[in-house]
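Residue-level listing of the chains:
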Amino acid sequence: MNDIFNRDFNDLPDLDELIVETMRWHFSSKTGSPFWLSYRKQLDFDPLTDIKTVEDLKRFPDVSTLWRDIPVRDLIPQGCLTDEWRFLVFESGGTTGAPKRIIEMNSRKRGVEWVNHVLQMHQFPDDGDWIHIGPAGPHAVGRSVGLLAQMRKKLCYYIDFDPRWVKLCIKNKKAEEVKLYIDHVIEQAASILETQPVSVIFATPPVLEEICSRPKTLDLFRKRAKAIIWSGTSISDETLRLLEEEFFPDSKIMGLYGNTMMGIAIQRPPHPGDLDRCVFQTFYPYCFIDVVDPENLQQTVEYGKAGQVKVTLLSRELFLPNNLERDVAVRNQATDVFKSDGLSKVKVLKNQQQSIIEGVY
């Protein structure tokens, strides 16, 4: 195993060093995946000799849309086949079309360990069990939240829901079915909070808004929630302010940004110069973002400006360069602790708002 993909959090590799090793791993005939070894033939450059820096990586196209249809087994690096077989398949939410698929064995778990490391910087509450009110099944977020709870020696209760069904109902203008479905989700969650010692709640902003609109349910959640983690859809500044200051003033409110394709970016502790109350950081250098001009995808926007989010993954199991997300965000400066750009004010790209249904996740 190449240890550069598993360095201690206090000894993380230089980005260019990681890029070179990632090229060696994923484009070597002995260790690369069938997908990348085949795709290499289409490139007008040689990843093994021509790709050594972040700038070089920009030569790769965004191949993520191909991951809707290819056999996902083709993504497994041959170098991983001698490891104990622990591969999992996860799918994107399907917000921008048919779901994309990835394989996972250890790298996302490493990312979750890093998120737990950052939660400790936040002095995140460490008593009481957890509840995940969100998608599980094919979506990586359910596993990630469960792993987080497990790392903190807590139980995690699950109220699973199907975000694709909700999006379909919204698309077909079946508002009553959406309401019934959300009622069903919240009633199940309330039943757990009434009987179990849960104090950390994971929920999406639309679910939290529904909870806040129901006085009796809000009172129950407010009494039990020492911490709330929100993720899955965008949230307005005003909604976030209301959650933090009006509805749950005694709870720790924490945001996660991410998805199956990029992994998790966690809200960093407040830092002088942050442009917003919630700034997200990826697990750098294994996942890094570039905030680019939507009209010129090779051009990084200036700090303080909004642009489209482009994500690159450099892990032992997956190499995914220049994955263009559906979202725009404001580019924030790195800090002494977090060595890469941060993201804030994440929301759906304006020219995609007509075609994208966020739904409840």
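Residues numbered from 1 in each chain as written. Predicted model: local features only at pLDDT ≥ 70, side-chain atom pairs only at ≥ 80, totals over all residues. Heavy atoms only, no water.

Where an unreviewed UniProt entry is consulted, the protein appears under the name Phenazine biosynthesis protein, with the organism given as Brevibacillus ruminantium.

Draft legend 1. Expanded view of the overall build of the protein. A count of helical and extended segments in the protein gives 11 helices and 14 strands. A sequence separation of at least 24 residues applies to 69% of the contacts in the protein between residues at least 6 apart. (Helix = DSSP H or I, 4+ residues; strand = E, 2+ residues; numbered from the N terminus. Contact = heavy atoms within 4.5 Å.)

Draft legend 2. Expanded view of the packing of aromatic side chains. Counting across every chain of the model gives 19 aromatic pairs. Aromatic side chains phenylalanine 45 and phenylalanine 60 sit 5.1 Å apart centroid to centroid with 90° between the ring planes, which places their arrangement in the edge-to-face category. Of this pair, phenylalanine 45 sits in the loop between α2 (34-39) and α3 (47-50) while phenylalanine 60 sits in the loop between α4 (54-57) and β1 (88-91), placing them 15 residues apart in sequence. In this structure phenylalanine 45 comes out as buried when scored by relative accessible area, which is 7%. Relative to phenylalanine 319, the ring of phenylalanine 60 has its centre 5.1 Å away and its plane inclined at 80°; by these criteria the two rings are edge-to-face. Here phenylalanine 60, found in the loop between α4 and β1, pairs with phenylalanine 319, found in strand β13 (residues 319-332); they are 259 residues apart in sequence, far enough to count as distant. Comparing phenylalanine 60 with phenylalanine 319, the two get one shared label, buried. One aromatic cluster in this structure is built from Phe27, Phe35, Trp36, Tyr39, Phe45, Phe60, Trp67 and Phe319. Sitting over the ring of tyrosine 303, arginine 331 keeps its end group 3.7 Å from the ring centre. (Phe/Tyr/Trp six-rings, centres within 6.5 Å; stacked < 30°, edge-to-face > 60°. Buried < 20%, exposed > 50% of the residue type's maximum accessible area, 1.4 Å probe, protein only. Lys NZ or Arg CZ within 6 Å of the ring centre and 35° of its normal.)

Draft legend 3. Molecular detail of the pattern of salt bridges. Counted under the stated rule, the structure contains 25 salt bridges. Residues lysine 223 and aspartate 219 are paired through a salt bridge, measuring 3.2 Å at the closest nitrogen-oxygen approach. Of this pair, lysine 223 and aspartate 219 are both found in helix α10 (residues 215-224), 4 residues apart, which corresponds to roughly one turn of the helix. Residue classification places aspartate 219 among the partly exposed residues on the basis of a relative accessible area of 35%. Connected through shared salt-bridge partners, Glu238, Arg241, Glu244, Glu245, Glu246 and Arg277 make up one network. (Salt bridge = Lys/Arg side-chain N within 4 Å of Asp/Glu carboxyl O.)

Draft legend 4. Expanded view of the environment of isoleucine 103. Note on placement: isoleucine 103 falls in strand β2 (residues 101-104). Sequence spacing of isoleucine 103 and valine 89 is 14 residues, and the spatial spacing of their C-alpha atoms is 4.7 Å. The contact partners of isoleucine 103, leaving out residues within four places of it in the chain, are Val72, Leu75, Ile76, Phe87, Leu88, Glu317 and Leu318.

Draft legend 5. Quick peek at the environment of valine 112. On the secondary structure map, valine 112 appears in helix α5 (residues 107-121). Excluding residues that lie within four positions of it along the chain, valine 112 makes contacts with Ser144, Leu147, Leu148, Met151 and Ile264.

Draft legend 6. Local environment of unusual backbone geometry. The omega torsion across tyrosine 284 and proline 285 is 5°, close enough to zero to call that bond cis. With respect to the secondary-structure elements, proline 285 resides in the loop between β9 (280-281) and β10 (287-293). Unusually for a residue other than glycine, asparagine 322 sits at a positive phi of about 55°. Here asparagine 322 is to be found in strand β13. Looking at asparagine 322, the relative accessible area reads 9%, which means it is buried. Even without glycine at this site, lysine 345 takes up a positive phi of about 50°.

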